[in-house]
Amino acid sequence: MADRHAAEESADQARALLALLWRHELPPRPGGRGPKQTVSVDEVVQTAIALADRDGLAKLSVRAVAGELGLRPMSLYTYVPSMRALTVLMVDAVAAADEPLPVDAPPRTRMAALARQVRAEVIAHPWLLDVSPWRVVLGPGRTRRYERQLAALDGIGLTDVEMDRVIAVLTEFATGNARMAVAAAREAAEMSDARWWEVHGPLLTQVMSAHAFPLASRVGAAVGELYQAPADPDGAFEFGLAATLDGILGTAGSSRAD
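Residues numbered from 1 in each chain as written. Predicted model: local features only at pLDDT ≥ 70, side-chain atom pairs only at ≥ 80, totals over all residues. Heavy atoms only, no water.

## Observations regarding the nonpolar core
One finds V45, V65, L76, L86, M90 and W127 to be the most contacted residues of the largest nonpolar core, which totals 31 residues. Of all the secondary-structure elements, those providing two or more residues to this core are α1 (2-21), α2 (41-55), α3 (62-69) and α4 (83-96). Broken down by element, the residue count for this core peaks at 8 residues, all from α4. Non-local contacts of M90, meaning those with residues more than four positions away in its chain, are made with V45, A48, I49, A52, L57, L60 and W127. Judged by nonpolar contacts, the second largest core, of 21 residues, contains V118, L158, I167 and A174. (Core = buried A, V, L, I, M, F, W, Y, C linked by side-chain atoms within 4.5 Å. Buried < 20%, exposed > 50% of the residue type's maximum accessible area, 1.4 Å probe, protein only. Helix = DSSP H or I, 4+ residues; strand = E, 2+ residues; numbered from the N terminus. Contact = heavy atoms within 4.5 Å.)

## A few points about the packing of aromatic side chains
For the coordinates displayed, the defined rule picks out 1 aromatic pair. Measuring from centroid to centroid gives 5.5 Å for F173 and F237, while their planes differ by 10°, and the two rings are stacked. With F173 in helix α7 (residues 160-190) and F237 in helix α10 (residues 233-257), this pair connects stretches of sequence that are 64 residues apart. On the basis of relative accessible area, F173 is assigned to the partly exposed category, the value being 21%. Its guanidinium or amino end placed over the ring of F237, R119 lies 4.8 Å from that ring's centre, counting from NZ or CZ. (Phe/Tyr/Trp six-rings, centres within 6.5 Å; stacked < 30°, edge-to-face > 60°. Lys NZ or Arg CZ within 6 Å of the ring centre and 35° of its normal.)

## Focus on the side chain of D92
Mapped onto the elements of the fold, D92 is located in helix α4. The buried charged residue D92 lacks any salt bridge partner; its closest oppositely charged side chain belongs to R142, at an N-O distance of 5.2 Å. Each residue touching D92, except ones within four places of it in the same chain, is listed here: L21, G139, P140, G141 and R142. (Lys, Arg positive; Asp, Glu negative; His and termini not counted. Salt bridge = Lys/Arg side-chain N within 4 Å of Asp/Glu carboxyl O.)

Okay, here's the thing in structure tokens:
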């Protein structure tokens, strides 16, 4: 009986969240009793995004969002039922803000634009890295983005399943690289790369002899001279993207030949 009650409660929560996500597509609900809401759900979501952009997802709370809007903390639950629901709404709102992808450009340009859009989104909203990408509830923002991404790949010689996998590969690659770019920006804000090398360089020279680590010493010196930093996320992204697109286009070519 308890399991059945829990399942029904979970289903009710899922229906409520979907209704919130698709609120602009669903018929308006009849006005209910109680105090009139002074802000909109959209305002709540956009305020939460701004706070998360500034302070990170870990510091986001009902109290913080309510305070920013001039509301009492408990009153925020009349707009969103939980912090989990608010996070889902935030993710969908970010996706809804995506610009259209080119659909008439060459295939390589279309796929590169898709990957760059994903990377730019994560760099602009680093808190997205703290949201699990698994089983995220689909709202209109994410669904329309998926539709646009598929449209950018349609007609280039991929099967339906291959199109979905290309989106997954490009998204995961761009997100992983964005994670490094975000980390680099955070570290640089605390200590410049030049200062980091001043502090760590002399000691590393002492303990990492060229004799013991010939390849690491040679390659490390070359990339250190080029990057003037521990790594080069932007350069790695362009290099990896080019190699990834070569492979995908090769797959598409093989599919057409078959």
